[in-house]
Amino acid sequence: MTPDQFQASEMSFLYVTVPDMATARLLAGGAIGEKLAACANVLPQMTAIYEWDGEIEEESELIVILKTAKSIAPALAKWIEDNHPYEVPCILEVPLGRGNSGYVEWLQKQMGSRSRPM
C-alpha cells in the first residue's frame, strides 16, 4: 500500500455494549437502515464488571462496533440511546485517523448525503 492509498479520513467507530444478540441485531440493523452507520461488527460475549447503585454487578454482554462518518456520530449516538434497553448505555466514539482509500470511499458512499466529504 502506498502512502496515498492510506488516507486521512473523518471516520469514527461507535463502541456500544448490549445485553444480547437480539439487541445487537436490532441496533446494528436499525442504524444501517437509517443511514447512520455504514456497517457494524458484533463481537461475542464478554463479562462486564461494574458498580451500580453501590453494588458490584457482573453481566454478560456483547460489543457492537458501528462504523460511521464523524459528522454523523452524534446523531447515531442519540439514535442508539433512544433505542437501547439500558437505562445508561455505554456509547463511546473512537475517532479514526486514517484508512485505506477504498474503504474510506465505500464508507462515504454508504453514508450518502448525510456525511460531509472525507
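This report concerns the structure included in the present document. Not measured: the values here are computed from a predicted model.

Cut-off values and rules
- Residues numbered from 1 in each chain as written.
- Predicted model: local features only at pLDDT ≥ 70, side-chain atom pairs only at ≥ 80, totals over all residues.
- Heavy atoms only, no water.
- Helix = DSSP H or I, 4+ residues; strand = E, 2+ residues; numbered from the N terminus.
- Buried < 20%, exposed > 50% of the residue type's maximum accessible area, 1.4 Å probe, protein only.
- Core = buried A, V, L, I, M, F, W, Y, C linked by side-chain atoms within 4.5 Å.
- Contact = heavy atoms within 4.5 Å.

On to the overall build of the protein chain, then. Secondary structure assignment for the protein chain yields three helices and six strands. Starting at the N terminus, the α and β elements of the protein chain follow one another as β-β-α-β-β-α-β-β-α. Dimensions along the principal axes, computed over C-alpha positions, put the protein chain at roughly 50 × 30 × 20 Å. Every one of the 118 residues in the protein chain was classed for burial, and the buried ones make up 34%.

This next bit is on the nonpolar core. With 23 residues, the main nonpolar core has Leu14, Val16, Val18, Val64, Leu66, Leu76 and Ile80 as its most contacted residues. Listing elements by their share of this core, those giving two or more residues are strand 2 (11-18), helix 1 (21-33), strand 4 (55-69), helix 2 (73-83) and helix 3 (101-111). Filtering out sequence-adjacent residues up to four positions away, Ile80 remains in contact with Leu14, Val16, Leu27, Leu66 and Ile91.

The next point concerns the side chain of Ser101. Looking at where Ser101 falls in the secondary structure, it is placed in helix 3. According to the relative accessible area criterion, Ser101 is buried, its value standing at 17%. Aside from chain neighbours lying at most four places away, what touches Ser101 is Gln5 and Gln7.

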